[in-house]
Amino acid sequence: MTKVTGATTALITPFKNGTLDEQSYATLIKRQITNGMDAVCPVGTTGESATLTHDEHKRCIEIAVEVCKGTNTKVLAGSGSNATFEAVDLAIHAQKCGVDAIFSVSPYYNKPSQEGLYQHYKAIAQAVPDLGMMLYNVPGRTMVDISADTTIRLFDDFENIYGIKEATGSLERTVELLSRRPELAVLSGDDAIDFPILANGGAGSTSVTSNLLPDLKSQMVHFALEGKFKESKALNDKLYPINSVMFCEANPIPVKAAMYIAGLIDTLEYRLPLLAPSVENMKKIEEVMKQYEIKGL
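Conventions we followed
Residue positions within a chain follow its written sequence, with the count starting from 1. For a predicted model such as this one, the threshold for reporting local features is a pLDDT of at least 70, and the threshold for listing and counting side-chain atom pairs is 80 or more; totals across whole chains, interfaces and linings nevertheless cover every residue. Only hydrogens and water are set aside; all other atoms, that is, all heavy atoms of the structure, feed into the side-chain values. Strand pairing is assigned whenever DSSP detects at least two bridges linking the two strands. The numbering of helices and of strands both runs from the N terminus, where a helix is a DSSP run of H or I of at least 4 residues and a strand a run of E of at least 2. Here the axes come from fitting lines to C-alpha atoms, over the contacting stretch only for helices, and the angles between their N-to-C directions go from 0 to 180 degrees. The cut-offs work like this: below 35 degrees is roughly parallel, past 145 is roughly antiparallel, 65 to 115 is roughly perpendicular, and the gaps in between are oblique. Two helices crossing with the near one rotated counterclockwise from the far one by less than a right angle form a left-handed crossing, whereas a clockwise rotation gives a right-handed crossing. Working rule for contacts: check all heavy atoms of both residues, and any pair within 4.5 Å makes them a contact. Salt-bridge detection follows one rule: a side-chain nitrogen of Lys or Arg within 4 Å of a carboxyl oxygen of Asp or Glu. Here the term buried applies to any residue with accessible area under 20% of the maximum for its type, exposed to any over 50%, and partly exposed to those in between, with areas from a 1.4 Å probe on protein chains only. Each residue gets one of three labels, nonpolar for Ala, Val, Leu, Ile, Met, Phe, Trp, Tyr, Cys and Pro, charged for Asp, Glu, Lys and Arg, and polar for the others, Gly among them. Look down the strands so they point away from you; if going from the first strand over the helix to the second traces a clockwise path, that crossover is right-handed. Stacked, edge-to-face and tilted are the three classes for Phe, Tyr and Trp ring pairs, Trp counted by its six-membered ring, which pair at centre distances within 6.5 Å; planes under 30 degrees apart are stacked, over 60 edge-to-face, the rest tilted. The criterion is that NZ of a Lys, or CZ of an Arg, lies within 6 Å of the ring centre and within 35 degrees of the ring normal, and then a charge sits over that ring.

K.L.:
Got a minute to help me understand the sheet that holds strand E7 (residues 132-137) in this structure?
P.N.:
In sheet architecture, strand pairing relies on hydrogen bonds along the backbone and comes in two forms, parallel and antiparallel. Taken together, the eight strands give a closed barrel; going around it, the order is E1-E4-E5-E6-E7-E8-E9-E10, and neighbouring strands pair in parallel fashion. When strand polarity is set aside, the average angle formed by the axes of neighbouring strands in this sheet is 25°. One ladder, built from two bridges, connects strand E9 (residues 185-188) with strand E10 (residues 204-207); its direction is parallel. Within the sheet, the bridge partner assigned to Leu187 lies in E10 and is Gly204.

This is the structure:
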């Protein structure tokens, strides 16, 4: 069982004329590999997974595996849904494709109890017992928080549940989890606080900003994991303006706009109900981007 950690990117999903742009997707993944990312994470929040068809979702995973094959970059694939049977189906497909591990968002909209969350993740873990699995906690999106107690219960009960992507924005939650289970792999899900989480024992980061600046984000994470905290903090500080503006509107609206401005994607397309940024926010993104050297494809 592979435990994917380190510098990982929550990939955007590029569209062209309303459909998945497979060629651009593969090219963007190759850029992540070239710039030192440890893993790519297809079809999470940033990948607009909530508005993809199941076939598109599965195809994104397939492309990521195809492109990363034979490289040092692993695939940590999204397999989340608010219906447990759908999440199980996606997890099984990801395993058949040959992903290294999966991450699965807590069921959104349903607002399950903690016991409901436990049973949801139990079903997924038991469906793919040989595949590494990370929980994904983002209550600002899902309206339900995977509590520290539930996280630890799942970690203790299922060998393949090895970690959690923490996107609560709470440093205290990371401190609590790692104080109780130091061997739990906690990945930061909030770009702005990557360094504090890493400095407290976090095992990596799943970044939105690294779609744009994979070279700097991979360096920042690797410095921290090597114990070079001064260098890591300096990069985290340098990245703060871009990390901040990436959330001036709902993710992935700003990062897709930034990638379009940088020439990394040919078309600026979202799936409704998401729309392009306001004129004001587009200007903010452009201004902040001037502070960085963005490597091309």
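K.L.:
Would you take a moment to explain the packing of helix H2 (residues 54-68) against helix H3 (residues 84-97) for this structure?
P.N.:
The description of two packed helices rests on the angle between their axes and on the distance between the axes. Interhelical geometry of H2 versus H3 gives an angle of 25° and a closest axis separation of 10 Å. In terms of axis orientation, H2 runs roughly parallel to H3. At the point where H2 passes H3, the crossing takes the right-handed sense. On the side of H2, the interface is formed by His54, His57, Lys58, Ile61, Glu62 and Val65, while H3 contributes Glu86, Asp89, Leu90, His93, Ala94 and Cys97.

K.L.:
I tried to follow the pattern of salt bridges on my own but got confused; where do I start?
P.N.:
Oppositely charged side chains can pair when the atoms bearing their charge come close. Applying the stated criterion across every chain yields a total of 18 salt bridges. As a salt-bridge pair, Asp89 and Lys58 come within 2.9 Å of each other at their nearest N and O atoms. Here Asp89, found in helix H3, pairs with Lys58, found in helix H2; they are 31 residues apart in sequence, far enough to count as distant. For Asp89, a relative accessible area of 33% puts it in the partly exposed group. You can call Lys58 buried: its relative accessible area is 18%. We note a salt bridge from Asp194 to Lys217, for which the minimum N-O separation is 2.6 Å. With Asp194 in helix H8 (residues 194-199) and Lys217 in helix H9 (residues 214-225), this pair connects stretches of sequence that are 23 residues apart. Classification of Lys217 by relative accessible area gives buried; the value is 1%. Taken together, the salt bridges that share partners define one network made up of Glu22, Arg59, Glu62 and Glu66.

K.L.:
What is the right way to look at the packing of helix H6 (residues 148-157) against helix H7 (residues 171-180) in this model?
P.N.:
Interaxial distance between H6 and H7 falls to 10 Å at its minimum, and their mutual angle equals 35°. With respect to the hand of their crossing, H6 and H7 are arranged in right-handed fashion. Taking contact as the criterion, the partners of Ala148, Asp149, Thr151 and Ile152 in H6 are, on H7, Arg173, Glu176, Leu177 and Arg180. A class-by-class count of the residues in the contact of H6 with H7 yields three nonpolar, one polar and four charged.

K.L.:
Can you help me understand the pairing of E7 in this one?
P.N.:
Along a regular strand, successive side chains alternate from one face of the sheet to the other. Within E7, six of the six residues are buried, which leaves it mostly tucked inside the rest of the structure. Judged by which residues are buried, E7 turns out to be covered on both faces: Gly132, Met134 and Tyr136 on one side and Met133, Leu135 and Asn137 on the other are all buried. Of the pairings in the sheet, the one linking strand E6 (residues 101-105) to E7 comprises five bridges and is parallel in character. Of the residues in E7, the one forming a bridge with Val105 is Tyr136. Handedness of the β-α-β unit built from E6, helix H4 (residues 114-127) and E7 comes out right-handed. Where E7 meets strand E8 (residues 161-166), five bridges bridge the pair, whose relative direction is parallel. Bridge pairing links Asn137 to Glu166 in E8.

K.L.:
Before we go on, may I ask you to explain the packing of aromatic side chains in this structure?
P.N.:
Aromatic ring pairs are reported here in terms of the distance separating the ring centres and the angle at which the planes meet. If you walk through the whole model with that rule in mind, you get three aromatic pairs. When the ring of Tyr118 is compared with that of Phe158, the centres are 5.9 Å apart and the planes differ by 45°; the resulting orientation is tilted. Taken together, the residues Tyr118 in helix H4 and Phe158 in the loop between H6 and E8 connect sequence positions 40 residues apart. Given a relative accessible area of 10%, Phe158 falls into the buried group. Ring geometry for Phe195 and Phe229: centres 6.3 Å apart, planes at 70°, overall edge-to-face. A residue pair is termed long-range when its members are at least 10 positions apart, and Phe195 in helix H8 and Phe229 in helix H10 (residues 229-245) qualify at 34 residues. With a relative accessible area of 36%, Phe229 lands in the partly exposed category. Sitting over the ring of Tyr118, Arg153 keeps its end group 3.5 Å from the ring centre. It is Lys165 that lies over the ring of Tyr136; its NZ or CZ is 4.0 Å from the centre.

Everything listed is a geometric property; what it means functionally is a separate question.
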